[in-house]
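Structural overview
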Amino acid sequence: MSYTDLRDWTTTVDRLGDLRTLRQAQWDLEIGIITELVMNQHGPALLFDDIPGYPSGHRIVANALGGLGRVALTLGLPTDRDVKTTLRLWQEKKRGLKPIPPKVVKDGPVMENVYRDGDVDLFTFPTPRWHEHDGGRYIGTGSVDITRDPEDGWVNLGCYRVMIHDRNSVGFYISPGKQGRIHRDKWFTRGGRMPVAMSFGHDPVIFLAGGIEIPWGLSEYDWAGGIKGAPIEVIEGPVTGLPIPARAEIVIEGFVDPADKKTEGPFGEWTGYYASAEREEPVVRVAALYHRHNPIILGCPPVKPPSELAYYRSFLRAAAIEEELAGAGVPDVKAVWCHEVGGSRLFNVVSIHQRFAGHARQAAMVATQCHAAAYLGRFTVVVDEDIDVMNLDEVMWAVCTRCDPEKDIEILRRCWSGPLDPIIPPGQKGLNSRAIIDATRPFEWRDKFPVVAESSPERRAEVLKKWGTQIFGQQAGVTPRAPVGAGATSPGGAQ
Ligand SMILES: Cc1cc2nc3c(=O)[nH]c(=O)nc-3n(C[C@H](O)[C@H](O)[C@H](O)COP(=O)(O)O)c2cc1C
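Quick summary incoming for the structure in this document.

Here the focus is empty space enclosed by the protein. With the rule as written, the count across this model stands at one cavity of 30 Å³ or more. Its volume calculated, the largest cavity comes out at about 40 Å³. Lining the largest cavity are Arg345, Asn348, Ala367, Thr368, Ala373, Gly377, Arg378, Phe379, Thr380 and Arg434. Broken down by secondary-structure element, the contributors of at least two residues to the lining of the largest cavity are helix H9 (359-369) and strand S19 (379-384). Taken together, the residues that form the lining of the largest cavity break down as three nonpolar, four polar and three charged.

Given below as structure tokens:
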């Protein structure tokens, strides 16, 4: 099943029965609270229309990637598989993925409405105030900021939040070390202002690519093109020359001057806090605004997990870490999962088939510091392959019974963090520590480790066959333990 752009995606999701259209919800908090409630339940995609104070047709799509079928649709995978099958299919597709550069076209629907300089008015759109303590209206949540490396010329797309300051200026926040931030630092070091384009509604695959770690130097356009199997069509921005998605809903172009700063934040963040509070951040002076008729904002406000952003990135990041472990030569990795409760960054689990003394530490160190995991991580747990990495009960049982804290917990210090880290006090942000928890059976005496006191799958199956209906009713096949991945913290429960 394929689709062309955000509108077509929305229609496709509606056909799949996975979209709810809501009318007359207020931009000031109501849309945000509805979105939070639905994200917390792993509910359907939301389309807000007829927003009071705005023309009918000026819409918002939210919770787009908050369900497995919708993530699969966006990745070009079958939409009706369980989480483990979808993850395997994605890993296979990702391994063979050939980036396809974007195709430059002369015109596109995004140019249906063009405004320059003083005519730009960002209040044309029903931008929500998403959370109660937000310092402003955030038009950029499911968005991408498009920048070019002034040295190498490659184009990065990063999902970095964007707050409206006034009708023709916005503030944006990029954490230190992110690729867009390195671009910006390079422009500023050269003493120049940075050209930037920002897209606020687009094919969800562009959003998905902009919000996950992709190797330095590889443009998210090329990566997203590889997923679609066809180039993303782009127009050279008339003001900056930056490539902008031709079928986008709303795009701005402008410049960022290093000396031009304003207060940005606070904003509800993916950790579930307002940890970075408010800071002076650079301002984009908007030189041009383009939008389609009846434009749609793609919104993905961070909320305390369960959240959309943690949900779909658990999936993407797990696949990325597994690939990076293989790339680093760590053998016999059986599975990786990034738990939603940690926002897909703070609590990650790797299972291995232990081959040699030190194998668990090797896996843990790489899984903690590889590109997909390096920013703002906290806990990495390594377990044996009999433990299901997606099942928090099993993982924590392994931690409780196979980890002797004195020997099996390592602390890494001075790792990559940033202002959003809630446990680092204000004034000291930037670095954090990591705990590696080795919850594997100690390699040296693993064969003598106590046998697990649980009936074998064969015995269980026999007993269930005989007794299942009497114990569990018609669902005789269901075991007393929750099926793998059915907890609130894993996508298995989110179908
Ligand atoms: C909805 C959403 C909002 C995000 N907001 C920010 C943000 O405001 N600042 C930031 O540095 N990263 C933010 N991120 C994380 C980055 O998008 C992510 O780290 C991405 O890999 C950055 O791209 P880069 O690797 O090209 O730097 C957000 C991600 C998502 C999905």
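Still more ground to cover, so stick around.
Cis geometry is found at the peptide bond from glycine 265 to proline 266, where omega equals -5°. Of note, the amide linkage connecting proline 305 to proline 306 takes the cis form, showing an omega dihedral of 0°. If you trace the backbone, proline 306 turns up in the loop between strand S16 (296-299) and helix H8 (308-327). The backbone of glutamine 24 sits at a positive phi, close to 70°, despite the residue not being glycine.

Next up on the list: the pattern of salt bridges. Taken as a whole and judged by the stated rule, the model has 39 salt bridges. One salt bridge connects arginine 129 with aspartate 28, and the closest N-O pair in it is separated by 2.6 Å. Placement of arginine 129 in the loop between strand S5 (113-116) and strand S6 (138-140) and of aspartate 28 in the loop between strand S1 (19-23) and helix H2 (30-40) is noted, with a sequence separation of 101 residues between them. Between arginine 161 and glutamate 264 there is a salt bridge; the shortest N-O distance is 2.8 Å. Remark: glutamate 264 occurs in strand S14 (residues 250-264) and arginine 161 occurs in the loop between strand S8 (155-158) and strand S9 (162-166); sequence separation between them is 103 residues. Judged by relative accessible area, arginine 161 falls into the buried class, the value being 9%.

Attention now moves to the packing of helix H4 (residues 83-95) against H8. Contact geometry of H4 with H8 gives a least axis separation of 10 Å together with a crossing angle of 50°. One finds that H4 runs oblique with respect to H8. Crossing hand, H4 versus H8: right-handed. Only Phe315, Leu316, Ala319, Ala320, Glu322 and Glu323 of H8 make contact with H4, whose side of the interface consists of Val83, Thr86, Leu87, Trp90, Gln91, Lys94 and Arg95.

As a further point, take the environment of proline 331. By secondary structure assignment, the location of proline 331 is in the loop between H8 and strand S17 (333-338). What makes proline 331 partly exposed here is its relative accessible area of 28%. The sequence separation of proline 331 and leucine 309 amounts to 22 residues, and the corresponding C-alpha distance is 30 Å. Dropping the residues within four chain positions of it, proline 331 is found in contact with Phe356, His359 and Gln362.

The full set close to the ligand counts 21 residues, and Cys159, Tyr160, Arg161, Ser175 and Gln179 are the nearest of them. Contact between the ligand and glutamine 179: an oxygen atom at 2.7 Å from a main-chain N or O atom of the residue. For the ligand, the accessible surface in isolation is 630 Å², of which the surrounding protein chains cover 95%. Per element, the largest residue contribution to the shell around the ligand is three residues, and it comes from H8. Classifying every residue of the shell around the ligand gives eight nonpolar, seven polar and six charged.

About the cut-offs
Residues numbered from 1 in each chain as written. Predicted model: local features only at pLDDT ≥ 70, side-chain atom pairs only at ≥ 80, totals over all residues. Heavy atoms only, no water. 1 Å grid on protein atoms, 1.4 Å probe; cavity = no way out; pocket = protein on both sides within 12 Å on 5 of 7 lines; lining within 4 Å. Points joined across faces, edges and corners; volume = space filled by probe spheres on them. Helix = DSSP H or I, 4+ residues; strand = E, 2+ residues; numbered from the N terminus. Nonpolar A, V, L, I, M, F, W, Y, C, P; charged D, E, K, R; others polar. Salt bridge = Lys/Arg side-chain N within 4 Å of Asp/Glu carboxyl O. Buried < 20%, exposed > 50% of the residue type's maximum accessible area, 1.4 Å probe, protein only. Axes fitted to C-alpha atoms, helices over the stretch in contact; angles between N-to-C directions. Parallel < 35°, antiparallel > 145°, perpendicular 65-115°, else oblique. Left-handed = near helix turned anticlockwise from the far one by under 90°. Contact = heavy atoms within 4.5 Å. Near = heavy atom within 4 Å. Polar contact = N/O pair within 3.5 Å; in protein donor to acceptor, adjacent residues only side chain to side chain. Areas by Shrake-Rupley, 256 points an atom, 1.4 Å probe, with all protein chains shown as cover.

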